[in-house]
Amino acid sequence: MPKLDFSSYDTKGFYDEMFDENNKVRPNYELFSERLANLSQKKLNTLQHATDRAQLSLGMTFNVYSDNQGVERILPLDIIPRIINNEEWTYLEKGLQQRIKALNLFIQDIYNDQKVFKDKIIPKEMIFSSVSYLKELQGFKPPKDIWCHITGSDLIKGGDGQYYVLEDNLRCPSGVSYMLENREILKRTFPELFETLGVKPVYNYTHTLRDTLEYLSDKNKPTVAVLTPGIYNSAYFEHSYLAQQMGAELVEGRDLIVKNDIVYMITTNGLERVDVIYRRVDDDFIDPLVFNKNSMLGTPGLFGAYLKGNVVLVNAPGTGVVDDKAVYAYIPKIIKYYLGEDMILPNVKTYICDEESDRKYVIENIHDLVVKQTDASGGYGMLIGPKSTKKEQEEFIAKIKQNPRNYIAQPMINLSRVPTITDNTIEGRHVDLRPYALYGDDIKIIPGALTRVALKKGSIVVNSSQGGGSKDTWILNS
Amino acid sequence: MLGRVANTIYWMNRYLERAENYARFMDVNYNLSLELPPNEIEQWQPLVVITGDWELYQSLNDTVEKSKVIHFLAFEKENPNSIYNCILNARENSRAVRTEITKEVWEQINSLYFLVKSVADNENPTDGEFRTFFTQIKNGCQLVYGMYDATISRNDSWHFGKIGQVIERADKTSRVLDAKYHLLLQSPELVGSSLDLIQWAALLKSVSAYDMYRKKKGKLTSSGIAEFLILDTEFPRSILACLLNAEQCLITLSGNSVRFSNNAQKKLGILKSQLEYADINDIINQGMHEYLDDIQIKLNAISSAIYNSFFAIEEQSQSQSQ
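Remember, it's a predicted structure, so these values are computed and weren't measured experimentally.

Peer 1: Can you walk me through the overall build of chain B in this structure?
Peer 2: Looking only at helices and strands, one finds 16 helices and zero strands in chain B. The C-alpha atoms of chain B give a radius of gyration of 20 Å, which matches the 20 Å a tight globule of 322 residues would have. Along the first, second and third principal axes, the C-alpha set of chain B runs to 65 × 50 × 40 Å. Within chain B, contacts between residues separated by at least 24 positions form 65% of all contacts whose residues are at least 6 apart in sequence. Carbon and sulfur atoms make up 48% of the accessible area of chain B, which totals about 13600 Å². Where the 32 positive side-chain charges of chain B centre and where its 40 negative ones centre are 5 Å apart.

Peer 1: Honestly, unusual backbone geometry in this entry has me stumped. Any pointers?
Peer 2: Residues other than glycine predominantly adopt negative phi, and peptide bonds predominantly adopt the trans conformation. Residue and element names in this part refer to chain A. With an omega of -20°, the peptide bond between Val314 and Asn315 qualifies as cis. Looking at where Asn315 falls in the secondary structure, it is placed in the loop between strand S13 (312–314) and helix H12 (325–329). Despite not being glycine, Lys120 has its phi angle at roughly 55°, a positive value. Its place among the elements puts Lys120 in the loop between helix H4 (115–118) and helix H5 (124–128). The exposure class of Lys120 is exposed, given its relative accessible area of 72%.

Peer 1: Whenever I open this one, the sheet that holds strand S14 (residues 351–352) of chain A confuses me. Can you help?
Peer 2: All names here are of chain A. Read from one edge of the open sheet, four strands run S14-S17-S15-S16, paired in antiparallel fashion. Of all strands in the sheet, those with a lone pairing partner are S14 and strand S16 (382–384), marking the two edges. Direction of pairing for S14 relative to strand S17 (residues 407–411): antiparallel, over a ladder of two bridges. Each residue of the ladder has a partner; that of Tyr351, found in S17, is Ala409. Relative to the sheet, helix H15 (residues 390–402) contacts strand S15 (369–373), S16 and S17, its axis offset from that of S16 by approximately 135°.

Peer 1: Whenever I open this one, the sheet that holds strand S10 (residues 262–267) of chain A confuses me. Can you help?
Peer 2: In a beta sheet, neighbouring strands are held together by backbone hydrogen bonds and run either parallel or antiparallel to one another. Residues and elements named next belong to chain A. Strand order in the open sheet made by the three strands is S9-S10-S11, with antiparallel pairing throughout. Edge positions in the sheet fall to strand S9 (256–259) and strand S11 (270–273), since each of these pairs with one other strand and no more. For this sheet the average axis-to-axis angle between neighbouring strands, irrespective of direction, equals 40°.

Peer 1: Explain the interface of chain A and chain B to me, please; I cannot follow it from the model alone.
Peer 2: Interface extent is often summarised as the accessible area lost during association of the parts. Across the contact, 31 residues belong to chain A and 34 residues belong to chain B. Across the chain A to chain B interface the summed buried area is about 2600 Å²; carbon plus sulfur atoms make up 47%. When the buried area of chain A at its contact with chain B is split by residue, A:Gln244, A:Ile266 and A:Thr268 rank highest and sum to 23% of it. Our count for the chain A to chain B interface comes out at two salt bridges. Of the charged contacts in the structure, one is a salt bridge between A:Asp255 and B:Arg4, with a shortest N-O distance of 2.4 Å.

Peer 1: When you look at the packing of aromatic side chains in this model, what are you seeing that I'm missing?
Peer 2: Evaluation of the coordinates by the stated rule reveals 39 aromatic pairs over all chains. Taking 6.3 Å as the distance between ring centres and 10° as the angle between the ring planes, the aromatic pair formed by B:Phe130 and B:Phe134 counts as stacked. A residue pair is termed a helical-turn pair when its members lie 3 or 4 positions apart in one helix, as B:Phe130 and B:Phe134 do in helix H7 (residues 127–151) at four residues. Taken individually, B:Phe130 and B:Phe134 each receive the classification buried, so the pair is uniform in this respect. The cationic tip of A:Lys144 hangs over the ring face of A:Tyr215; the distance from NZ or CZ to the ring centre is 4.6 Å.

Analysis parameters
- Residues numbered from 1 in each chain as written.
- Chains lettered and ligands numbered in written order.
- Predicted model: local features only at pLDDT ≥ 70, side-chain atom pairs only at ≥ 80, totals over all residues.
- Heavy atoms only, no water.
- Helix = DSSP H or I, 4+ residues; strand = E, 2+ residues; numbered from the N terminus.
- Rg over C-alpha atoms; globule rule 2.2 N^0.38 Å.
- Contact = heavy atoms within 4.5 Å.
- Areas by Shrake-Rupley, 256 points an atom, 1.4 Å probe, with all protein chains shown as cover.
- Lys, Arg positive; Asp, Glu negative; His and termini not counted.
- Charge placed at Lys NZ, Arg CZ, Asp CG, Glu CD.
- Buried < 20%, exposed > 50% of the residue type's maximum accessible area, 1.4 Å probe, protein only.
- Pairing = 2+ DSSP bridges.
- Axes fitted to C-alpha atoms, helices over the stretch in contact; angles between N-to-C directions.
- Buried area = accessible area lost by both parts, 1.4 Å probe.
- Salt bridge = Lys/Arg side-chain N within 4 Å of Asp/Glu carboxyl O.
- Phe/Tyr/Trp six-rings, centres within 6.5 Å; stacked < 30°, edge-to-face > 60°.
- Lys NZ or Arg CZ within 6 Å of the ring centre and 35° of its normal.

Structure (C-alpha cells):
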C-alpha cells in the first residue's frame, strides 16, 4: 500500500501549522504525523467520504434556499485536524479571558456611568452612532452584571506565527455545535489516533453552558429555553442540538407569551413560566413592540419582561455594539483603561478613518491595506488593496472622505495554513480559529475551537457560503 | 410540553404511518397484478381512489397506468400525500421536535428521507427497484417505530405521537377495506370466486393481517375479514384496536378515565362504543362503504378535537386576554 506522500507539500510564503520552513514537522504534530504515516492516500479519501456521509446522517446541514425543496448542504469537515499544544493554548486562554472581562466592563459602563467617555478614552459619538447601541438599555444592569455570556472571537495567525484577534462575536456566535460534532466524527474516523495522543475533551461544553445559564437566575431550578427563528434558519441544527444536549426547551417566538411582564411557554397543559432564554434571534427581532415591528420571529413584550428583570436573555441585548469594527480598534485602550493591563492577545493593527492622522495614512497607503466598512460583515463592503484597481481605490478614498466614521483599514494578513485533503493529494489551505468562551461565575474557555478552512486553492475566504469548510481542533495536554 | 411541539410530533407519526401504508398498498397490488389479467385500470384505479386523491390524479394524468399510479403515490411532488412528501414532512417535523426525540429516531427518519430522495431522483427505476423500495420503506418505518418505543419515555410526547400513529392507521385500514368494496362493485358476479379470494388475501396482506387472520379465523370469508379488520380488539391494525389504543393515550394525557375531560376524549369514546357494540352483518347489510366513510369522517373530527383540546391553547389564551 503506497504511503502518504508529503514530499511535494508546499509551505512557501505562509506560516504552516504542521511543517516549519525547513519542511520539518512541528512538535505539536509529531505524534499525529507518525501515526498518519501508516495511512495511504486512498484510505484517507475513504475516511473523508465516510465523514461526509456521517454529517448528512446526523443532519448537520443547512438549507441554502428558504424552502424545503431547496439545496441542502453540509459544512464539509476536513479530517486532518488542527493541533495546538498546551502552551500556545494557555496563552490564547489568558488573552481571551482578559479581553472578555474588559469588554464586559466596557458594555456595563457605556449603558451606565459612561466614565469611558468622560475620561476621553473613546469618543461618545462613536458608540451612540453604532446601530447596535440600544438606548433603551441606559441605566440597565443585567443579572450578575454579565452581558456577554457567550463569545466566539475569530483569531488568525500571521506569517510571523503570531495570533491576532480579527473580530469579536458577541451577538449570537455560531458554530459551536460543529466543534462538538466534528470531534465525535473524528473520534470515529481515527480512534487509534486519539489514544495516548492526549487531546483535551470538549464534550463538557453543553454542561458548562447549562450551568452558565442557570447561574444567571435566582431560582433553584430555573426553566431554560433556547429561542430559535425556526427550522429554516441556517443555524437551526445548532439550536436544536444545543437545546437537546442541555435538556432545555427549544422554542420559537410563537411558543412564548408575555403577560404582566412575565414570559410563559404555551404548553399542552397551559402556560409555564420561563426564566432564562438563550436567544439565537438577533436584537432587532426579539420583540416587535420595541424593535422591528414586522418581525414574526420574536414575542411581543419580551424586552419589557427583560427590563423588569423577570427573564434573563443570553447574550444580553445591546452587546453587539462591541462587534462594530470601529470599536474593535479601541479595544487595546479599553483593556488598559478597565484592567490597567497591556493587551495580551494583539489586535490586527487598525487605522480609524475617523481620526485625522490615521485617515491620512490610509489614503496614502490604500494599495497596501484592507479597508472595511464598520457596520458590514461577511466580506461585504470591503476593499482588498493589493488586489484592487486604481479606480476601485479612488472610489474607496472618496467614500472614506465622505463618511470617515464608516471605515477602518488594516494591513493585509496572510492566514496560516494546515494540510488539507484535496481530490488526490494533500495541500496547505488557509484557516482561522474560533474558540468559545462562557462567562458565568468565571470566564471559561472551552479547550477546543472551530477551525474554518478555505477549501478553494489560494482562497482566504473561510465563509461557508463561499467554499469554506471546517476542521476539528485538538488542544493537547502537553 | 409545548403545544406546537405536540402537534408536530402527532403529525410526524401520522406522516410516517401514511408513508408506510402507501408502500404496503402498492407492494401488495404490484404482487397481485403479476398473476391477474392485465386490466390496468381495474387493478390500479382503486388504489388512488382509496387515498382520496383521485381528482388530483386525474388533473395530473390522462390515463391510469401502473407506472403513473406508482409515480403519483410514491414520488409525485404535487401530491401532498405521496410517500416522498410524507417522508419529507415527517423529517421536517422531526427536525422541529429534535428535543423530544432521540438521536436514534432522528437519524433513522433522516436516512429514510435520503432513501426516498435518491429513488425519486432516479429517472427510470425498474420494477425490481420499486419492490425493493417498498420493502425499504416498510422496514424503515418499522425501524423508526421500534426505536421510538425502545428509546423514548412514556411521557406526553410519546402519547401524542402514538395517537397520531393509530388514528392514521385506523383511517388507512378503513380505506383499504373500502378499496375491496370498489373492486366488488365492478364485478358482482365474481363474489366467492377464486379471484375474489385472491383479492381478499391480498387485502389482508396489505395490512400484514394475513397470518393473524388465519390463526384466528382460518377460512377466508368476506364477512370474517371485514369483522377482523374493523372490530377485532386484539389485532393491532384493526380499527377498533387502534381506537382502544388512542383512548388509553388520551386517558393518560387527560388524567380522566371515568368520563371524558375534553372534546377529543368524548368524540373518541362515542366512536369506540359504536364499534364495540357493532355486528358485522348489520354493517354489511347497511352498506360497508357508507359505514367506512362515516368512520373516516369521525376520525377526522377526533383529530380536530385533539388539535383544539391540546395544541391550540395559544389561540385560546390569546382570545382570553383580549
